[in-house]
Amino acid sequence: QVQLVESGGGSVQAGGSLRLSCAASGYTASAYLMGWFRQAPGKEREGVAALRYGSTTYADSVKGRFTISQDNAKNTVYLQMNSLKPEDTAMYYCAADPPPTSWLRALTPGGYDYWGQGTQVTVSS
């Protein structure tokens, strides 16, 4: 049974930082394509960052500010978010896709089979 549990969301002022965690169970995350997505009210879900075999990719809106990483020993994926902006406010979701995976769909919601419950991030001015 594949399960993803996010944590680390909260409220922060613009310019602050948060680290989101995604604890995986039922599979080995290092063998999967792992991604972070976000969805603001009234907007479509969008890809933020993804990781596979040590390779990473980011949405243009977060490049240089966000970092995705993985702790294989803990089977956990992280999203370090720095220099947060009000437009980063959204529900953030962790997602996983088993092999075979498509790196070209790493930031596309339809490219993933499993999803966490989400954790809210709110950035104030």
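Residues numbered from 1 in each chain as written. Predicted model: local features only at pLDDT ≥ 70, side-chain atom pairs only at ≥ 80, totals over all residues. Heavy atoms only, no water.

A few words now on the state of the cysteines. Under the defined criterion, the tally for this structure stands at 1 disulfide. Between the sulfur atoms of Cys 22 and its disulfide mate Cys 94 the distance is 2.0 Å. Judged by the sign of its S-S torsion, about -75°, the cystine formed by Cys 22 and Cys 94 is left-handed. Residue Cys 22 is found in strand β3 (residues 18-25), and its partner Cys 94 is found in strand β9 (residues 90-97); the two are separated by 72 residues along the sequence. (Disulfide = S-S within 2.5 Å. Helix = DSSP H or I, 4+ residues; strand = E, 2+ residues; numbered from the N terminus.)

Our focus in this paragraph is the pattern of salt bridges. Summed over all chains, the structure comprises 4 salt bridges. One salt bridge in this structure joins Arg 65 and Asp 88, with 2.8 Å as the shortest N-O distance. Taken together, the positions of Arg 65 in the loop between β6 (55-58) and β7 (66-71) and Asp 88 in the loop between β8 (76-81) and β9 put the pair 23 residues apart, joining distant regions of the chain. Exposure class is identical for Arg 65 and Asp 88. Each is buried. What you see here is one network of salt bridges that share partners, running through Arg 38, Glu 46, Arg 65 and Asp 88. (Salt bridge = Lys/Arg side-chain N within 4 Å of Asp/Glu carboxyl O. Buried < 20%, exposed > 50% of the residue type's maximum accessible area, 1.4 Å probe, protein only.)

The strand order β1-β3-β8-β7 describes an open sheet built from 4 strands, whose pairing is antiparallel. The two strands at the open ends of the sheet, each matched to only one other strand, are β1 (3-7) and β7. Ignoring which end each strand starts from, the neighbouring axes of this sheet average 15° apart. In the sheet, β3 pairs with β8 via 6 bridges, with the strands oriented antiparallel. Following the sheet pairing, Ser 21 is matched in β8 by Tyr 78. (Pairing = 2+ DSSP bridges. Axes fitted to C-alpha atoms, helices over the stretch in contact; angles between N-to-C directions.)

By the alternation rule, side chains of β1 split into Leu 4 and Glu 6, which are all buried, and Gln 3, Val 5 and Ser 7, of which none is buried. Bridge count between β1 and β3: 5 bridges; the pairing is antiparallel. Considered in β3, the bridge of Leu 4 is made with Ala 24.

A word on the environment of Tyr 78. You can see Tyr 78 is positioned in strand β8. Along the sequence, Tyr 78 and Val 2 sit 76 residues apart, while their C-alpha atoms lie 18 Å from each other. Discounting chain neighbours no more than four positions away, the residues touching Tyr 78 are Arg 19, Leu 20, Ser 21, Trp 36, Thr 67, Ile 68, Ser 69 and Asp 71. (Contact = heavy atoms within 4.5 Å.)

Tracing the backbone through its elements, the reader meets Thr 76 in strand β8. The contact partners of Thr 76, leaving out residues within four places of it in the chain, are Ser 21, Cys 22, Ala 23, Ser 69, Gln 70 and Asp 71.

Every second residue of strand β11 (residues 119-124) is oriented toward a common face, the buried set being Thr 119, Val 121 and Val 123 and the non-buried set Gln 120, Thr 122 and Ser 124. Across 4 bridges, the pairing between strand β2 (residues 10-13) and β11 is parallel. Looking at the pairing, Val 12 lines up with Val 123 of β11. As defined by bridge partners, β9 adjoins β11 across 3 bridges and the pair is classed as antiparallel. For Ala 90, the partnering residue across the bridge sits in β11 and is Val 121.

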